[in-house]
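# Survey of secondary and tertiary structure
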Amino acid sequence: MHWFQFLIMLPFIFAVFVPILYKTFTPRIHTGWFVLLVPLLIFSYLITFIPTIANGNTIISSIPWMPSYDINFTTYIDGLGLIFGLLITGIGALVILYSIFYLSKEREELHNFYVYLLMFMGAMLGLVFSDNVFVLYVFWEMTSVSSFLLIAYWYEREKSRYGAQKSMLITIFGGLAMLAGLVMIARSSGTYSIREMLQNVDAITTSNLFIPAMVLILLGAFTKSAQFPFSIWLPDAMEAPTPISAYLHSATMVKAGIYLVARLTPIFGGSTVWFWLVTGVGLVTLLYGSVNAVRQTDLKALLAYSTISQLGLIMSLLGLGSAAMYFGLGDETVIYGTAIFAAIFHLVNHSTFKGSLFMVVGIIDHETGTRDIRRLGGLIHLMPISFTLTVIGGFSMAGLPPFNGFLSKEMFFAAVNNAAKMDFFHMGTIGVLIPIIAWIASVFTFIYCMILVFKTFRGKYKLDNDRVVHEAPLGMLISPIILGSLVIVGFFFPNLLSKYLLKPALTSVLPVLSEAEVVEHKIKAWHGFLSPELWMTIGVVVLGAILYLNLRKWYKVYNSYPQSLTFNNLYNLVLEKMEQISGSITNFYMTGYIRDYLVYIIGFLILVVGGSIWLLDGVSFDSSNDAPATFFEIAVMIVAVVSAGTVLFSKSRITSIVAVGALGFFVSLFFVLFRAPDLALTQLVVETVTTALFLLCFYHLPQLRKEISRIPFKLTNAIISIGAGAVVTIVALSVNGNRLFDSISSYYENAYELAGAKNIVNAILVDFRGIDTMLEILVLSIAGLGVYSLIKLRLAKEGSDERAE
């Protein structure tokens, strides 16, 4: 295994030892100090790749997993994967450091927390570095499972369970859709490797599966990255502890969909459908998130909707930038490629200021005991450091200087203005709406950022509890201070980040760009007084400030929208109706009678199998190649039929048992006639043992009643019985008369050469079907352990009852 694959698996490996460390060292040492080493080690290792990747190189490593199916664990490190890997491990290290001081080692089950966190970290690393689409999908679903466990960490709370369930249902639905899309593009391109797909784009774009695959893959990306209308899961996921919210919803999980869209832009970019789906959904999400963030009274809910808004901004930039693939090489590629550059830049910026804000909100909740904005205020003098960090993060999110969010927001305005000038993709009709929607959403972004900063820290002190509010301890402030510092450093030295990380990532998303064209992408804070971006920003600040200062006058507009028409209400209604319908169906067929269950099962078999044979004209009898039946075979068959009939009509248990045993013994005679003595001996042993067991069991049962009433004739039973027998007989005769494939018996004839076994049956069971046999033994072992446990529990209960008496 290459060192890089080992580091991806390191979080999973270390997670195994977390419970041991927790039991051994708690409460002396917080478990997080041990876990912190994992992201620090991986982050340090990834940093060493920066010079190599910045020079335009890539690193590929592969280890076999299922080589017969062309599925291997191949890692591919380029600019895009590296920037995500650094965010995953860098933010992860800061989150773990923050959680050491945030989560009590006495009151919290830290071993569960860190096991889930490491699982998620490893899954995200595997996702962004996987080259094989099916390996990527495995890690994709692992992020859904681990995030479900993280969101439900406080599982005793109903809201935590609800939020975890909602995120799981929505993201798993998207993941299954994405899997279907990945299968389609793999089939179209003839490969499972993303790198090879990029080299064979023409085969995918000309395929009939191109549009269906695109839509299905985008469903997976939109659900994971909380795009409209699937964004409803993100606010409910805020019931998780703050370190989880800071990690999942600022830098990692919600960015997985962003990564997928960026990674597959070279395949689908340049398509009208891709452009409008990604851009349109992104802009709607941007507007939806920013408008709804203003109405929130819970700080984490406000940040949740702000995250939705910012994710929509990044997604829309990826959609706008995909227009660069329409031209190939040329000046237009550089112009529209700026949007992709801005998307990657804002992705980094968002991780820094949003991670810092989540941690500060956690500090406020930790120190004041509430996140309700209506109860907060006047904290500026009590928590000056937290106030400073909130100003840095909030103003950066609002797009104000001197913070990194200002730079990427200006680039966003430039991108939407460039898009309005497009003369392709039908932009001449509604393209003018793109900068308008972007500007309106930015106004609301400014408003909720001001609410976050000033409603929390300015004004009168309103807390009515007995808490003594003070600044958080230094340990809890280290992580947000580091992120806040990066927000400021990112404004003054953006091109340092651009040279080593952003430009290599840009070439990964837009491989059509030449090295000279990539160099043209420089980040500048000043574009002159005549630049439209500057005046759009001034307009945002002016109108946003006016609306914020007059918030009470127009805030009631939100109350005019009926809550019954919200997507959350629709989701709850669908779940409720599904439970009612499924309950009705279950109550209909779960009658408690075995007879009814057999009617359903056998009736379904008759309809499906019999109907398929009838519709597909599958009935075909050909006995020309059959061996003639001998007198002994006919005689044994007649006796077997008579024995089976005796079981049905016998009024004595002994007679029934003897008839069942006789049927088994005559079946063994068939094996003798067919020259299979080993099977005959096995059948004889089995029948002897089962007959003895039947006799032993029936000996202890009560006697049958002598007055046996006449069983009435039931037409349903007759139809089911005759139909099942007819279908099975027809299938058996039709199969015997139709040989679509050569028999595999000739392969097993070489059992001695292939397996060194002189007995072909033993060779099949032990060698050719070794795994199947092993699993059968495993099932029997599990069943045996279950029976043994039940017996032990019953004996223990009886013993305790006797002692109680």
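Structure report, in brief. Only a predicted model underlies this, so the values are computations on that prediction, with no experimental measurement involved.

### Some points on a nonpolar patch on the surface
A cluster of nonpolar side chains, contributed by Ile 581, Ile 585, Phe 588, Tyr 589, Met 590, Tyr 600 and Ile 601, occupies part of the molecular surface with about 740 Å² of accessible area. Broken down by secondary-structure element, the contributors of at least two residues to the nonpolar patch are helix 28 (567-589) and helix 29 (594-615). Top contributing element to the nonpolar patch by residue count: helix 28, with four residues. Since its relative accessible area comes to 33%, Tyr 600 is described here as partly exposed.

### Thoughts on the packing of helix 19 (residues 384-398) against helix 20 (residues 404-420)
In contact at an axis separation of 7 Å, helix 19 and helix 20 are set at 5 degrees when each is read in the N-to-C sense. One way to sum up the angle between helix 19 and helix 20 is to call them roughly parallel. Contact residues: helix 19 offers Ser 396, Met 397 and Ala 398, while helix 20 offers Asn 404, Gly 405, Phe 406 and Lys 409. Tallied by class, the residues present in the contact of helix 19 with helix 20 amount to three nonpolar, three polar and one charged.

### A short note on the packing of helix 5 (residues 79-102) against helix 14 (residues 253-268)
One way to put it is that helix 5 packs onto helix 14 with a least axis distance of 11 Å and a crossing angle of 170 degrees. The angle between the axes of helix 5 and helix 14 places the two elements in the roughly antiparallel class. Contacts from Leu 80, Gly 81 and Phe 84 of helix 5 reach helix 14 at Lys 255, Tyr 259, Ala 262 and Arg 263. Its residues assigned to classes, the contact of helix 5 with helix 14 comprises four nonpolar, one polar and two charged.

### A few points about the packing of aromatic side chains
In total, this model carries 35 aromatic pairs according to the counting rule given. Each ring, one from Phe 268 and one from Trp 274, has its centre 5.1 Å from the other, and the planes form 15 degrees; the classification is stacked. Residue Trp 274 is classed as buried on the basis of its relative accessible area of 0%. One aromatic cluster in this structure is built from Phe 4, Tyr 45, Phe 49 and Phe 129. The ring of Trp 154 is capped by Arg 157, whose NZ or CZ atom sits 4.1 Å from the centre of that ring.

### Considerations on helix 3 (residues 37-47)
For helix 3, every residue scored as buried is listed here: Val 38, Pro 39, Ile 42 and Leu 46. Buried residues of helix 3 fall within an arc of 90 degrees about the axis and therefore sit on the same side. Buried residues along helix 3 sit in contact with helix 1 (3-25), helix 2 (32-35), helix 4 (50-54), helix 5 and helix 6 (110-129).

### Thoughts on the environment of Leu 179
Among the secondary structure elements, Leu 179 is positioned in helix 8 (residues 158-189). Taking relative accessible area as the criterion, Leu 179 reaches 23% and is therefore assigned partly exposed. In the structure, Leu 179 is positioned 452 residues away from Phe 631 in sequence and 58 Å away in space, judged by C-alpha atoms. Leaving out residues up to four positions away in the same chain, Leu 179 has contacts with Phe 134 and Tyr 137.

Cut-offs used in this document
Residues numbered from 1 in each chain as written. Predicted model: local features only at pLDDT ≥ 70, side-chain atom pairs only at ≥ 80, totals over all residues. Heavy atoms only, no water. Patch = residues over 30% accessible without salt bridge, like charges linked within 9 Å, V, L, I, M, F, W, Y side chains within 5 Å. Areas by Shrake-Rupley, 256 points an atom, 1.4 Å probe, with all protein chains shown as cover. Salt bridge = Lys/Arg side-chain N within 4 Å of Asp/Glu carboxyl O. Helix = DSSP H or I, 4+ residues; strand = E, 2+ residues; numbered from the N terminus. Buried < 20%, exposed > 50% of the residue type's maximum accessible area, 1.4 Å probe, protein only. Axes fitted to C-alpha atoms, helices over the stretch in contact; angles between N-to-C directions. Parallel < 35°, antiparallel > 145°, perpendicular 65-115°, else oblique. Contact = heavy atoms within 4.5 Å. Nonpolar A, V, L, I, M, F, W, Y, C, P; charged D, E, K, R; others polar. Phe/Tyr/Trp six-rings, centres within 6.5 Å; stacked < 30°, edge-to-face > 60°. Lys NZ or Arg CZ within 6 Å of the ring centre and 35° of its normal. Arc of directions from axis to C-beta.

Taken by themselves, the reported measurements are silent on function.
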